[in-house]
Amino acid sequence: MTRPALRAPLLAGAAVGAATLLVAVRDPHTRGSYGFCPLLELTGLACPLCGGLRATHDLAHLDLAGAWSANALWTVTAPVVVVLWLMWLLAAARGKPVKGLSGTAGWVTLGVALAFFVARNLPGLQPYLTPWL
């Protein structure tokens, strides 16, 4: 029997694992296979999430170069998210209180996402950060 504190991290891990398995099996490299990005379709601008499913697919297949070319930010962020989840799981397993991320971390995350949004839409950087455009 698992501790009640373990329920949330285990359920979150199972949900993300199932979603990753789906993306690993059903290739998102085919345009429209998972829908479309409204911002990209309406404005031609790639949001910070554009290419995230392709990057996840490539990471699941250990294709780091492919993942980087789909979404460099997610390729760097995904391992950080896994480490944060493991820290959550270990804290729950030890019965220790789980500390949330600080407000500063949220603002830094927003700032990085906005900087990536701007950078990947600059004409000089588009070939490196949004290669499918």
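So, how was this worked out
Each chain carries its own residue numbering, running from 1 in the direction its sequence is written. Totals for whole chains, interfaces and linings use every residue, but because this is a predicted model, local features are given only for residues with pLDDT of at least 70 and side-chain atom pairs only at 80 or more, for both listing and counting. With hydrogens and water excluded, all non-hydrogen atoms of the structure serve as input to the side-chain values. Only the six-membered ring of Trp is used, alongside the rings of Phe and Tyr, when aromatic pairs are assigned; centres must lie within 6.5 Å, and planes under 30 degrees apart are stacked while those over 60 apart are edge-to-face, with the rest tilted. Our definition puts a charge over a ring when NZ of Lys or CZ of Arg is within 6 Å of the ring centre and also within 35 degrees of the ring normal. Comment: elements are numbered from the N terminus, with helices defined as DSSP H or I runs of at least four residues and strands as E runs of at least two. Expected helix span is given by 1.5 Å per residue-to-residue step, counting one fewer step than there are residues. When a residue's accessible area, from a 1.4 Å probe over protein chains only, is under 20% of the maximum for its type it is buried; when over 50% it is exposed; and in between it is partly exposed. We call two residues in contact when some of their heavy atoms are within 4.5 Å. In protein, a polar contact means a hydrogen-donor-capable atom and an acceptor-capable atom, both N or O and within 3.5 Å, with residues adjacent in sequence counting only if both atoms are side-chain atoms; elsewhere, any N or O pair within 3.5 Å suffices. For helices, the axis comes from a line fit to the C-alpha atoms of the stretch in contact; other axes are also lines fit to C-alpha atoms, and the angle between any two N-to-C directions lies between 0 and 180 degrees. Each angle gets one of four labels, with under 35 degrees taken as roughly parallel, over 145 as roughly antiparallel, 65 to 115 as roughly perpendicular, and the rest as oblique. Handedness of a crossing follows from how the near helix is turned relative to the far one, being left-handed for an anticlockwise turn of less than a right angle and right-handed for a clockwise one. Each residue gets one label: Ala, Val, Leu, Ile, Met, Phe, Trp, Tyr, Cys and Pro are nonpolar, Asp, Glu, Lys and Arg are charged, and the others, such as Gly, are polar.

This part takes up the packing of aromatic side chains. Each aromatic ring pair is described using two quantities: the centre-to-centre distance and the angle formed by the ring planes. A complete count under the given rule lists 0 aromatic pairs for this structure. Looking at arginine 26, its charged tip hangs above the ring of tyrosine 34, at a distance of 4.7 Å from the centre.

Our next topic: helix H5 (residues 72-93). Its 22 residues place the ends of H5 33 Å apart at the C-alpha level, agreeing with the 32 Å of an ideal helix rising 1.5 Å per residue. For H5, the set of buried residues is Ala72, Thr75, Ala78, Leu89, Ala91 and Ala92. Elements that come into contact with the buried residues of H5 comprise helix H1 (4-25), helix H3 (52-60), helix H4 (64-70), helix H6 (103-120) and helix H7 (126-129). Sitting at the head of H5, asparagine 71 places a side-chain oxygen 3.1 Å from the backbone nitrogen of leucine 73. Trailing H5 by a residue or two, glycine 95 shows a phi angle of about 75°, which is positive.

As a further point, take the packing of H1 against H5. Running from N to C, H1 and H5 point in directions that differ by 155°, and their axes come no closer than 8 Å. Comparing their axes, H5 and H1 come out roughly antiparallel. Seen along the crossing, H1 lies across H5 with a hand that is left-handed. Here Ala5, Leu6, Ala8, Pro9, Leu10, Ala12 and Gly13 of H1 come into contact with H5, specifically with Trp85, Trp88, Leu89, Ala92 and Ala93. Among the residues making up the contact of H1 with H5, the classes are represented as 11 nonpolar, 1 polar and no charged.

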